[in-house]
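Take a look at the letters that make up each chain.
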Amino acid sequence: MKLTATSLGWRAGSRAIVEDVSVQIEPGETFGLIGPNGSGKSTLLKLLAGLAKRGKGTVHLDDRPLADLSRREIAQSIAFVEQIADTSERLTVRDVVELGRTPWLSALSPFDDHDRSIVMDALQAVDMADMVDQAWATLSGGERQRVQIARALAQRPRLLILDEPTNHLDIHHQMTLLQLVSRLPITIVMALHDLNQAMNCDRVGVMQSGRLIACGPPAEVLTPDRLAEVFRIRATPLFDPTDDSTVLHFHCL
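This write-up is about the structure you can find in this document. (Residues numbered from 1 in each chain as written. Predicted model: local features only at pLDDT ≥ 70, side-chain atom pairs only at ≥ 80, totals over all residues. Heavy atoms only, no water.)

### A word on the sheet that holds strand S10 (residues 211-216)
1) Next: Taken together, the six strands give an open sheet; going across it, the order is S6-S7-S8-S3-S9-S10, and neighbouring strands pair in mixed fashion. Two strands close off the open sheet at either side, each with one partner strand: strand S6 (78-81) and S10. Ignoring strand direction, the axes of neighbouring strands in this sheet form an average angle of 15°.
2) Next: Bridging between strand S3 (residues 30-34) and strand S9 (residues 203-208) involves four bridges; their strand directions are parallel. Within S9, the position partnered with Ile34 by the bridge is Val206. (Pairing = 2+ DSSP bridges. Helix = DSSP H or I, 4+ residues; strand = E, 2+ residues; numbered from the N terminus. Axes fitted to C-alpha atoms, helices over the stretch in contact; angles between N-to-C directions.)

Written out as structure tokens, the structure reads:
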């Protein structure tokens, strides 16, 4: 699914949180969004998903205006995973993930064995199938994050938007999640806190003070000069001979 945003903006009172952001993300692309805290990443993701009220600009999905689509049509196309999800503590893991099937259900198409299979596949993908009957209230932060990602996978979206999806996850589940995301045959947009994780994206956008100041392949965008300007760090590219990748090593300025 192609995602096109034109002149997006959002203000909190007189303060511009996102200002005049335009970007086009191609079908099947993995697009990483980085920037310091408060740079507008989360708000931009909500604008792309159609979740931020009073936003300015336009968003198109495959050349169709997002504003012209029903909430059901949007939910059948876009899954959005926030940093912190608010879910009823009375639900079980299974209940939460089953919510991902809601956009596809109707009186003529009730929840059935096909939906159950999709739910279990999603739970297995995030290594939570053995906790299917666990109560939400008993889960750790990392487990809750994995369940919410499973819910998004069960939605079977064509565009997956993730706001810092590796937050709260241990290093093993960070790596397995990013490997899972990289294999999905859909368009991915995700805000990332770890710049080395962003190096594995097809393209990276850099947010600063509400504006998208750079966009392109990671090696061209995440330069030492730009990282020093935006993050106030000194970055040294290191070559990893085990997989021919580049890893950034950081020092505070």
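### Some remarks on the pairing of S6
1) Next: The alternating pattern of S6 places Ile78 and Phe80 on one face and Ala79 and Val81 on the opposite face, and all of these are buried.
2) Next: When S6 meets strand S7 (residues 159-163), the two strands line up parallel, connected through four bridges. Bridged to Ile78 within S7 is Leu159. (Buried < 20%, exposed > 50% of the residue type's maximum accessible area, 1.4 Å probe, protein only.)

### With respect to helix H4 (residues 113-125)
1) Next: End to end, H4 covers 18 Å across 13 residues, agreeing with the expected 18 Å (1.5 Å per residue, within 8%).
2) Next: For H4, every residue scored as buried is listed here: Asp115, Ile118, Val119, Ala122 and Leu123. Viewed end-on, H4 has its buried residues packed into an arc of 135°, placing them on one side of the element. Along H4, the residues that are exposed and aim more than 90 degrees away from the buried face are Asp113, His114 and Gln124.
3) Next: Of the surrounding elements, those touching the buried residues of H4 are helix H3 (93-98) and helix H5 (141-154).
4) Next: Taken from the residues just after H4, Asp127 is the one with a positive phi, measuring 60°. (Expected span 1.5 Å × (residues − 1). Arc of directions from axis to C-beta. Contact = heavy atoms within 4.5 Å.)

### Details of the sheet that holds strand S2 (residues 15-25)
1) Next: Read from one edge of the open sheet, four strands run S2-S1-S4-S5, paired in antiparallel fashion. Both outer strands of the open sheet, S2 and strand S5 (64-65), are each paired with one neighbouring strand and no more.
2) Next: Inspection of the sheet shows strand S1 (residues 3-12) paired to strand S4 (residues 56-61) by five bridges, in the antiparallel sense. From the neighbouring strand, Ala5 faces S4, where its bridge partner is Val59.
3) Next: The strands touched by helix H1 (residues 41-48) are S1, S2 and S4; relative to S1, the strand with the most contacts, the crossing angle is about 125°.

### Digging into the pattern of salt bridges
1) Next: The final tally for this structure, using the stated rule, is ten salt bridges.
2) Next: The partner of Asp62 in a salt bridge is Arg158, with the nearest N and O atoms 2.6 Å apart. With a gap of 96 residues between them, Asp62 in the loop between S4 and S5 and Arg158 in the loop between H5 and S7 connect regions that are remote in the sequence.
3) Next: Note on Arg158: relative accessible area 40%, which makes it partly exposed. (Salt bridge = Lys/Arg side-chain N within 4 Å of Asp/Glu carboxyl O.)

### Concerning H5
1) Next: With 14 residues, H5 extends 20 Å between its outermost C-alpha atoms, agreeing within 8% with the 20 Å of an ideal straight helix rising 1.5 Å per residue.
2) Next: Among the 14 residues that make up H5, twelve are buried, leaving the element largely enclosed by the rest of the structure.
3) Next: Where H5 is concerned, the buried positions are Gly142, Glu143, Gln145, Arg146, Val147, Gln148, Ile149, Ala150, Arg151, Ala152, Leu153 and Ala154.
4) Next: Contact partners of the buried residues in H5: S6, H3, H4, S7 and helix H6 (171-183).

### Some words on the pairing of S1
1) Next: Of the strand pairs in this sheet, S1 and S2 are connected by seven bridges, and their pairing is antiparallel. Across the sheet, the residue bridging to Leu8 is Val21, located in S2.
2) Next: If you look at the hairpin formed by S1 and S2, you'll find two residues sitting between the two strands, and Gly13 has a positive phi there, around 65°.

Don't take any of this as a statement about function, it's just geometry.
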